[in-house]
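Residue-level structural notes
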Amino acid sequence: IFASVEMAPGDPILGLTEAYLVDPRKEKVNLGVGIYVDEQGKVPVLEAVRRVEQVLARDNLPRSYLPIDGLPAYNRATQKLLFGEGAPVLEAGRVATVQTIGGSGALRVGADLLKQVLGANAKLAISNPSWGNHHAVFRTAGFQLVDYRYYDDASHGLDFAGMLADLGKLEPGTVVLLHACCHNPTGVDLDAAQWAQVVALLKDRGLLPFVDMAYQGFDKNAAADATAVRLLADSGIPAFVVANSYSKSFSLYGERVGALSFVGAGRDEAARLLSRIKATIRANYSSPATHGAKLVAGVLDSVELHALWEQELGAMRGRIHAMRGAFVDKLAALGAPDFGFINRQAGMFSYSGLGKAQVDRLRDEFAIYALSSGRICVAALNTGNIDYVTKAVAAVCR
Ligand code: PMP
């Protein structure tokens, strides 16, 4: 039966890391990673998380199942972080939130439920470009995919006119996938005024926004980075969905901590949605895992640890901003073409504007690994490698 099974295509990002790992050159740098690493190139363990973990280890409570929709304290804390404490949308009971297996799990459970609701005609509009797994998740759930314009090659910024034009042409009922902040892979975001325009358009045209927020707090701060979600909540739009992830913001990648929120027209609709989300989860993985949710809830529910977390998140963000600045300044000093746009992009990733041939040269001549699209992980830069990387980038730009 298995004899005819063909090999699945390899993941280009994971393939890059494998090539990096076997590269014997000492000066090698991996700019292809999709995680935040600190000045020493390590995935940090946040102090706020460590403190909760110590309490959990001390208490060593029995490991029963969580409810299908996850840890209630986690879901409540998530709602506050997304919508703001006391937000009218929460007071009105319009939001159904469940704990999921990472942001990816939230996208998949959300996609599955939307497919059930929308039926054979389920369509998703997705930014061009977008995170590769967006396509895979929604296509596997049975959606037809269409692109909307987003990245403008010439300015290394947003093609806002193109985006509005493409969204304006979508059929009512189309699901529109939006990156809340720190767009992956480009680093190009909308500002608050642009979000307000997009929200008005989505509402007018009867579109169904699905916001993916995987980097809350990596641009400005947790509240400001949720602008898109909060504008949608205040707009009176009757239905939208949010998938969020704590993988990056809590540096808890392997704990698989995410959440899915369906926002309905009212309390009764939210209750029906919650029952359907739970049925979808039950038939998939039954219930989520305990540990990571307890860590996140433990931090967010403590005034002291919440403040400490915001501070630690700010330090990660600050380091990224500093590396962006240093990258731009050093390249300017080396007489390279202008990279000032890197300072206008946000989050861990940037479309560097480097072409495939330049990316190949970086790897072959300098042992510097980046994606062939030119996407670099700015968080992989540090004071120890920035001079080497910028000199190499300047060389391949000549
Ligand atoms: N959305 C985007 C845009 C992402 O970049 C990622 C992680 N790379 C995710 C969702 C998924 O996050 P998680 O690791 O929590 O599944």
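The structure we're discussing is the one just above.
Cut-off values and rules
- Residues numbered from 1 in each chain as written.
- Predicted model: local features only at pLDDT ≥ 70, side-chain atom pairs only at ≥ 80, totals over all residues.
- Core = buried A, V, L, I, M, F, W, Y, C linked by C-beta atoms within 7 Å.
- Buried ≥ 20, exposed ≤ 12 C-beta atoms within 10 Å, placed from the backbone.
- Helix = DSSP H or I, 4+ residues; strand = E, 2+ residues; numbered from the N terminus.
- Domains from an automatic or database assignment.
- Contact = placed C-beta atoms within 7 Å.
- Expected span 1.5 Å × (residues − 1).
- Arc of directions from axis to C-beta.
- Near = placed C-beta within 6 Å.
- Nonpolar A, V, L, I, M, F, W, Y, C, P; charged D, E, K, R; others polar.

On to the nonpolar core, then. In this structure, Val176, Val211, Val229, Val296 and Met348 are the most contacted members of the largest nonpolar core, which totals 114 residues. At 7 residues, the largest contribution of residues to this core is made by helix α12 (residues 303-333). Built from parts of two domains, this core gets at least three residues from each of domain 1 (12-45 + 306-397) and domain 2 (65-301). Excluding residues that lie within four positions of it along the chain, Met348 makes contacts with Tyr36, Cys182, Tyr215, Phe218, Ile320, Cys377, Val378 and Ala379.

Compared with the 18 Å implied by 1.5 Å per residue over 13 residues, the 19 Å span of helix α2 (residues 47-59) between its first and last C-alpha is a close match. Of the positions making up α2, those classed as buried are Ala48, Val49 and Val52. Looking straight down α2, one finds that the buried residues subtend no more than 95° of arc, so they occupy a single side. Opposite the buried face of α2, by more than 90 degrees, sit the exposed residues Glu47, Arg50, Gln54, Ala57 and Arg58. Its buried side turned inward, α2 meets α11 (291-300) and α12. Asn60 sits one or two positions beyond α2 and adopts a positive phi of about 40°.

On to the site of the ligand. Lining the immediate surroundings of the ligand are Gly34, Gly102, Gly103, Ser104, Trp131, His179, Asn184, Asp212, Ala214, Ser245, Ser247 and Gly258. Sorting elements by how many residues they give to the shell around the ligand places helix α5 (residues 102-118) first, with 3 residues. Looking at the shell around the ligand, its residues break down into 2 nonpolar, 9 polar and 1 charged.

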